[in-house]
Structures are given as structure tokens and as C-alpha cells.
Amino acid sequence: MSPRIQVSLADRLRSLPPYLFAEIDRLKKEALAAGVDLIDVSIGDPDIPTPEHIVASMKGAVEKPEHHRYPSSAGMLSYRAAVAEWYRRRFSVTLDPATEVVALIGSKEGVANMPMAFVNPGDAVLYTSPGYPVYPIGTLFAGGEGFPLPLTKANGFLPDLDSVPAEILRRTRLFFFNYPNNPTSASAPKEFFEQVVRFAEQHNLIACHDAAYSEIFFNGKRPPSFLETEGAKEVGVELHSLSKTYNMTGWRLGFACGHPEIVGGLAKIKSNIDSGAFQAVQEAGITALQTDDHVLSGIRQTYQARRDALAEGLRQVGIEFDLPDATFYIWARVPSGHTSASFVELLLKKAGIMATPGNGFGAAGEGYIRFALTAPVDRMKEAAERMKTLL
Ligand SMILES: *Cc1c(COP(=O)(O)O)cnc(C)c1O
């Protein structure tokens, strides 16, 4: 067949680095095809199923004809009210469901659309780095200029806000930050959030907190919401996801909440490019947000047992890391003489362990690898054993 047209990708796609997880997926397929008994701790996608009461709620909701029509892109008011109720219960934060909450088709969508709503070509966007790849990519798609703020062991994995040059700050419209943090698993103290509020006020920029891991914590150390901070709702929004909290990554449901004009701007973009989350999913989302805390503490205990099993193995082989208080990741230094990529390759080829190279989350992640606690305890122990043999 002779080609009728010549297909060429838009510059914005051609300028992208390869999507980290697509590359990992390729390596994984290769290993599986070669018959390796692979321990996959590379991707932050819970292996635990969605709790049964949420699945049951979905089964009922999907039968209802009123859910078969177009949803509103901002989300059902009942879902947004359930979000507001969850915030009241969990954080003692008051939100108006009609103006201060918008449903998202997963928080990835919200991250990607924030720059579309608030960034013009030439504007700058700050984000913590290493970090979720969509902060720089969403920025790039909107024609903005990304400015990564490095998270290092030396700065306690908190960005140095004073390090941003004045020339960048003048053009900055938006700041993405994420605690508990993926990939470093660091938590932020409330004082940091207070500092962000002052920073945003001083430089007239939007603070956008990605709180995807606020419910994955250990030993009762409940992470705060950014919106608990005095003045936060006047400068920013918080993005949340049901994905990690309720093992619902495949369902695609999240929300943004906070400053009504920021929520409104995001909703305006969404009303022009998507038609909202399936209402049956939103109804199941309401059920999810009402989940009894004992279900969530069971999930937390599962991750904690895995964390402890892997941590013990890493200690025995002399790999350095900080034991996380939250998230389902361990962020570990690669042994000396290795880069992120060379150590990931060694683990894959010699031990059948698939981890994620830290530099895939940004240059500041070089020298680290990320283990996701998304495989059962016995696999964590097996990974530890294989590393002991290898190292
Ligand atoms: C997983 C993740 C998200 C996105 O989750 P969704 O499934 O799109 O809701 C956002 N931010 C961070 C830091 C994540 O790790």
C-alpha cells in the first residue's frame, strides 16, 4: 500500500523524552518473554484489589439508566459533596462542593490540565524534582517553561524556595509540589506548607499540591492537607486521587479542590475537552470516600509489612535509604560505582528484579532507584534474598 499522506508528530510530542514507564514496560516484556521469574517493583500501581464494598456499589450504579448519559464535566454535585464531607472529616477543612471542588478523571488529568488553564507561552512553572513526570510534560504542552526544584538528601527532600532566580519568579504562574512525595517517599512538615503560602502570596503564583499519597501512611502519622494551612485556600488547590487510597487506579477518578477561581479555571478547560467521569464511577467514588477507616488501616498494614521486609533486606546488603513514614515506595541510593540505570539493569538481568531508575523522575534523581511496595511480602523477602546473593 502506498502512503497517501505523510504522518508527522507535532513538535510538542517530538520534543518529549520517552515516557519513563513505557520504557520500563518494554524491558519488563523482554524479561517475561525470556521466562524470567520477575519481581516487579517498578510501577506505583497497587496489586491489591479495590475493596469489595466499592465494587458492589459500582455494580448497582452501572444498572441505572440516568448514569448512561453524558455526565457534567465538573462532576456530580453528590460526588463533590462527598469530597467536601471527606475533607471535613479527615482534615477539618470546609469546602463548598459547588464552587470549590471539581471531579477529575484521575489526578493525572488535573496535573496535565492545570498549565492549560493558567500558563501562557513563556510563563514559568516550578515543580519539585525528582517528581511525577506530568508536571514538566503538562507545562511543556502548554508552552510553559519548567523549572525543577531539586529534592536531595541534603535539603531533607524539601525544595529550596529561596534558590529560584528573580528572573524566573517574575514569570512563574504555578508551583507543583507533592507530599508525601513520589518518588522520594519524604513527608513535609506543616511549616513547609506555611512557607509555600507566603511564597505564593509574595510572587503571585498558584500553589498546586498533589496529595495522591495522603492516605498511605504508617504508625498513625497522618499527613496534613495543604488546605489545612492558614491562607492556603486563598493561593492554591490540592489534587487528590482515589487511585492509591482505594486501589482504584483503573477506575480513573480524582478531584481538585481549593480556591474557587482556580477550581473554576480547571473546570473550564475540562468542559472544553472532556465530558467528565462516568457517573457510575462517581457513585462508586462516593462509596469509596465513605470507607470505614479500618479497611484503610488494613491496606496500610499490608504496605508496612512489605516495607519492613524489603527494608531489612536492603539494610543487610548495605543499601542506603530512609525508612518512609508514608507512600508505598522506598527511595534507595545505588551502591557506589553504579548509576541509576546501571544498577536497575544489574538488578533486572542478574536478579530478576524490576525497579525504577531515579533519574527517570528528573536529573536530581540520579544515583537513586525506587522500589514500589506493590508485590506481596514473600516477594519482598525473595527480592531481598536475591540481592544478598548478587551483592
Ligand atoms: C499516581 C500519581 C498520580 C496520579 O494518579 P491518578 O491515577 O491519575 O489519579 C498523581 N501524582 C502522583 C505523584 C502519583 O504518584
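This text follows the structure it describes.
Residues numbered from 1 in each chain as written. Predicted model: local features only at pLDDT ≥ 70, side-chain atom pairs only at ≥ 80, totals over all residues. Heavy atoms only, no water.

Caption draft 1: Looking closely at the site of the ligand. In the vicinity of the ligand, 14 residues are found, and the nearest of them are Asp210, Tyr213, Ser241, Ser243 and Lys244. Within the backbone of Lys108, an N or O atom sits 2.9 Å from an oxygen atom of the ligand. A distance of 2.6 Å separates an oxygen atom of the ligand from a polar atom in the side chain of Tyr213. Its residues assigned to classes, the shell around the ligand comprises four nonpolar, six polar and four charged. (Near = heavy atom within 4 Å. Polar contact = N/O pair within 3.5 Å; in protein donor to acceptor, adjacent residues only side chain to side chain. Nonpolar A, V, L, I, M, F, W, Y, C, P; charged D, E, K, R; others polar.)

Caption draft 2: Quick peek at the sheet that holds strand E11 (residues 356-357). Strand order in this open sheet of three strands is E9-E12-E11, and the pairing throughout is antiparallel. Both outer strands of the open sheet, strand E9 (329-333) and E11, are each paired with one neighbouring strand and no more. Where E11 meets strand E12 (residues 368-372), two bridges bridge the pair, whose relative direction is antiparallel. Counted as the bridge partner of Thr356 is Arg370 from E12. Sitting on the sheet, helix H14 (residues 340-351) is in contact with E11 and E12, with an inclination near 45 degrees to E12. (Pairing = 2+ DSSP bridges. Helix = DSSP H or I, 4+ residues; strand = E, 2+ residues; numbered from the N terminus. Contact = heavy atoms within 4.5 Å. Axes fitted to C-alpha atoms, helices over the stretch in contact; angles between N-to-C directions.)

Caption draft 3: Geometry of the side chain of Arg386. Along the chain, Arg386 turns up in helix H15 (residues 377-390). Owing to a relative accessible area of 15%, Arg386 belongs among the buried residues under this scheme. A polar contact of 2.8 Å, which involves the side chain of Arg386, links it to the backbone oxygen of Ala351. Once residues lying within four places of it in the same chain are set aside, the contact partners of Arg386 are Asp37, Ile39, Ala351, Gly352, Ile353 and Arg379. (Buried < 20%, exposed > 50% of the residue type's maximum accessible area, 1.4 Å probe, protein only.)

Caption draft 4: View of unusual backbone geometry. Between Tyr179 and the following residue, Pro180, the backbone shows a cis peptide bond with an omega angle of -10 degrees. Along the chain, Pro180 turns up in the loop between strand E5 (172-178) and helix H8 (190-203). One non-glycine residue with positive phi stands out, namely Ser92, at about 55 degrees. Inspection of the secondary structure puts Ser92 in the loop between helix H4 (77-91) and strand E2 (101-104).

Caption draft 5: A look at a negative patch on the surface. Taken together, the side chains of Glu191, Glu194, Glu201, Glu230 and Glu234 make up a negatively charged region of the molecular surface. Broken down by element, the residue count for the negative patch peaks at three residues, all from H8. Position of Glu201 relative to the elements: it lies in helix H8. (Patch = residues over 30% accessible without salt bridge, like charges linked within 9 Å, V, L, I, M, F, W, Y side chains within 5 Å. Areas by Shrake-Rupley, 256 points an atom, 1.4 Å probe, with all protein chains shown as cover. Salt bridge = Lys/Arg side-chain N within 4 Å of Asp/Glu carboxyl O. Lys, Arg positive; Asp, Glu negative; His and termini not counted. Charge placed at Lys NZ, Arg CZ, Asp CG, Glu CD.)

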